[in-house]
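Per-entry structural report
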Amino acid sequence: MSGPTRQRVWDPALRVFHWTLAGAVTTSWILGEYGPDIMTLHFWCGYLIIALVVFRLIWGIFGPQPARFTQFVKGPRETLAYVPRFLSRKPSHLPGHSPVGAIGVLALLALIAAQVTTGLLADPEDYINTGPLAHLVEPATNRWASSWHERLSYAFLAFVPLHVSVMLWYRWRKGEDLIGPMIHGRKVVKTSED
């Protein structure tokens, strides 16, 4: 029987993806709320976010084992079975995301997909900041997309403190560092039942 050991879990590409996405979403939100009236930089952040999401989807299929969706996305039974482990003080030491963390990953990807889709279709009727695909849909759809693009930005505001709270929960309640591994790639992982 061997206990937890420090192993390389998160590859450099995934770590760069994570922090670049965090920066791009933050910058895009700030530019959307407080930026110049002409949203060119906001648009470029949006294009970067689309590229990052496409990368993550590809990496979730073909990337290293811990990054693959098949590694951490589990069915309802296994996800519910993990909840008591999440709530306990005992570290999980999983080699990647937990089944509950998988819900967060999928929710974030879905939220980003909805956000960029509404941005691409939005037309705030100022004749300047029109999404690049806005001309393909009816004006009612443009208005709907503009409205939801703004609403979804507030969903991000709720998601970020939730994400940070879970990281702090793992650190303080479970004694497990999840932030450091997303910087340096190495994580304490259980190699067998202990």
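See the structure above.
Rules used in this analysis
Residues numbered from 1 in each chain as written. Predicted model: local features only at pLDDT ≥ 70, side-chain atom pairs only at ≥ 80, totals over all residues. Heavy atoms only, no water. Helix = DSSP H or I, 4+ residues; strand = E, 2+ residues; numbered from the N terminus. Contact = heavy atoms within 4.5 Å. Areas by Shrake-Rupley, 256 points an atom, 1.4 Å probe, with all protein chains shown as cover. Lys, Arg positive; Asp, Glu negative; His and termini not counted. Charge placed at Lys NZ, Arg CZ, Asp CG, Glu CD. Buried < 20%, exposed > 50% of the residue type's maximum accessible area, 1.4 Å probe, protein only. Axes fitted to C-alpha atoms, helices over the stretch in contact; angles between N-to-C directions. Parallel < 35°, antiparallel > 145°, perpendicular 65-115°, else oblique. Left-handed = near helix turned anticlockwise from the far one by under 90°. Pairing = 2+ DSSP bridges. Core = buried A, V, L, I, M, F, W, Y, C linked by side-chain atoms within 4.5 Å.

**Brief notes about the overall build of the protein**
- When helices and strands are counted, the protein shows seven helices and two strands.
- Reading the protein from its N terminus to its C terminus gives the helix and strand order β-α-α-α-α-α-α-α-β.
- Along the first, second and third principal axes, the C-alpha atoms of the protein reach 65 × 30 × 30 Å.
- Within the protein, contacts between residues separated by at least 24 positions form 70% of all contacts whose residues are at least 6 apart in sequence.
- Looking at the protein as shown, the accessible area adds up to about 11,300 Å², and 69% of this sits on carbon and sulfur atoms.
- Across the protein, the mean location of the 18 positive side-chain charges is 18 Å away from that of the 13 negative side-chain charges.

**Comments concerning unusual backbone geometry**
- Unlike most non-glycine residues, histidine 93 shows phi in positive territory, near 50°.
- Along the chain, histidine 93 turns up in the loop between α4 (76-87) and α5 (99-121).
- Look at histidine 93 and you get buried, because its relative accessible area is 14%.

**Points about the packing of helix α2 (residues 40-62) against α5**
- It is at 10 Å that the axes of α2 and α5 come closest, and there the two elements cross at 140°. Between α2 and α5, the interaxial angle falls into the category oblique. Like other packed secondary-structure pairs, α2 and α5 cross with a definite hand, here left-handed. When α2 is examined against α5, the residues Gly46, Tyr47, Ile49, Ile50, Val53, Arg56 and Leu57 are found in contact with a partner set consisting of Leu109, Ile112, Val116 and Leu120.

**Digging into the pairing of strand β2 (residues 186-190)**
- Residues of β2 alternate between two faces, with Lys187 and Val189 buried on one and Arg186, Val188 and Lys190 left unburied on the opposite face.
- Judged from the five bridges that link them, strand β1 (residues 4-8) and β2 form a sheet pairing that is antiparallel. Bridging across to β2, threonine 5 finds its partner in valine 189.

**Structural notes on the nonpolar core**
- Counting 23 residues, the largest nonpolar core has Leu21, Ile49 and Ile112 as its most contacted members.
- Counting only elements with at least two residues in this core, the list comes to α1 (12-34), α2, α3 (69-72), α5 and α6 (139-172).
- At six residues, the largest contribution of residues to this core is made by α5.
- Not counting chain neighbours up to four residues away, the residues in contact with isoleucine 49 comprise Leu21, Ala24, Val25, Ser28, Ile112 and Val116.
- Residues Phe86, Met167, Tyr170 and Leu178 belong to the second largest nonpolar core, which totals six residues.

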